[in-house]
Amino acid sequence: MTIERTHHYPRVLSIAGSDSGGGAGIQADLKTFAALGCFGMTAITALTAQNTCGVRAIHSVPPEMLRDQIDAVLEDIGVDAVKIGMLHAPDIVHTVAQAIDRHRLPHVVFDPVMVATSGAKLIDDPAIAVLVAEMFPRVALITPNLDEAGLLVGRSLTSVQDMAQAAQVLLDRGARAVLLKGGHLPGDEVADLLLMKDAAPIWMHGPRIDSANTHGTGCTLSSAIAAHLALGLSLPDAVQAARGFVRKALQAGASVKTGQGSGPLNHGFAPLSMRLL
């Protein structure tokens, strides 16, 4: 008897760096995809030697190998949404931009990973200009935090007014939509801003969660947005749902000790069964 295969899992590809400590990068992405009922795939841009205390070394994957990973996955399995993370060098940016065009990738969420939670810089200076020119026009959403947005616009961001101005600058520089994360601002409340072209700004507020375990928060958020886009949500709804997932993962992992530094979130606080499309 032959079983007719008429459905597929929601397929989400992470193009990002590997975190040997398991808290961020593709490791966090895969945990997020699985927790939200999606089938996760990866194309690794770089290997990092890191733990909860910091990054010790970065080893770039050759562009040809990155291209082959992307092509192998997409030519066979296909994809419903994409999360892009660490693109640390110009040739890596070129390779990913070409893949977006070649495969007409849908629902691409780009987390411009430039600075680790520990403060370590994860990108070459020449790559920043290339990121703006080649990635911004090609992706559905960019998700910088304040430090990353500050690098992109060339000044420190210290208030919600700065956030609003910076988000508009990023739109003017070619981004289709910006989710600017305000978690690095002081205060008991966290404010994030979603700014889309030709739409009113959407401010999202929530009480700050007291936790030392924040490693991989940005990776998890961008992956959760991509997962919800793969599941059929609109961009604003996907962002809201992803923020809810991250907040619960932070709360569930706040009292756990993993390593000596900034530990990971609890991605598996309420895993969902694999969905069918």
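1. Points about the overall build of the protein
Then step 1. The helix and strand tally for the protein stands at eight helices and nine strands.
Then step 2. Radius of gyration (C-alpha) of the protein: 18 Å, near the 19 Å computed for a compact globule of 277 residues.
Then step 3. Counting only C-alpha atoms and orienting by the principal axes, one finds that the protein spans roughly 65 × 40 × 40 Å.
Then step 4. For the protein, the proportion of its 277 residues judged to be buried stands at 52%.
Then step 5. For the protein, the accessible surface area stands at approximately 12,200 Å², while carbon and sulfur atoms represent 54% of it.
Then step 6. The positive charge centre, built from 21 side chains, and the negative charge centre, built from 25, are 3 Å apart in the protein.

2. Brief notes about unusual backbone geometry
Then step 1. Even without being a glycine, His 107 presents a positive backbone phi close to 50 degrees.
Then step 2. Mapping His 107 onto the fold places it in the loop between helix H3 (90-103) and strand S5 (108-110).
Then step 3. For His 107, a relative accessible area of 39% puts it in the partly exposed group.
Then step 4. A positive phi angle, close to 60 degrees, is found at Asp 198, a residue other than glycine.
Then step 5. With respect to the helices, strands and loops of the structure, Asp 198 is situated in the loop between strand S8 (189-196) and strand S9 (202-207).

3. Topic: the nonpolar core
Then step 1. Counting residues in each nonpolar core, the largest one holds 48 residues, and the members touching the most others are Ile 15, Ile 84, Leu 87, Met 135 and Leu 180.
Then step 2. With six residues, the top contributor of residues to this core is H3.
Then step 3. Ignoring any residue separated from it by four or fewer positions in sequence, one finds Ile 15 in contact with Ala 43, Thr 45, Leu 66, Ile 70, Val 82, Lys 83, Ile 84, Gly 85, Met 86 and Val 96.
Then step 4. Counting residues in hydrophobic clusters, the runner-up holds 30 residues, among them Ala 177, Leu 194, Ala 226 and Val 246.

Reading guide: rules and limits
- Residues numbered from 1 in each chain as written.
- Predicted model: local features only at pLDDT ≥ 70, side-chain atom pairs only at ≥ 80, totals over all residues.
- Heavy atoms only, no water.
- Helix = DSSP H or I, 4+ residues; strand = E, 2+ residues; numbered from the N terminus.
- Rg over C-alpha atoms; globule rule 2.2 N^0.38 Å.
- Buried < 20%, exposed > 50% of the residue type's maximum accessible area, 1.4 Å probe, protein only.
- Areas by Shrake-Rupley, 256 points an atom, 1.4 Å probe, with all protein chains shown as cover.
- Lys, Arg positive; Asp, Glu negative; His and termini not counted.
- Charge placed at Lys NZ, Arg CZ, Asp CG, Glu CD.
- Core = buried A, V, L, I, M, F, W, Y, C linked by side-chain atoms within 4.5 Å.
- Contact = heavy atoms within 4.5 Å.

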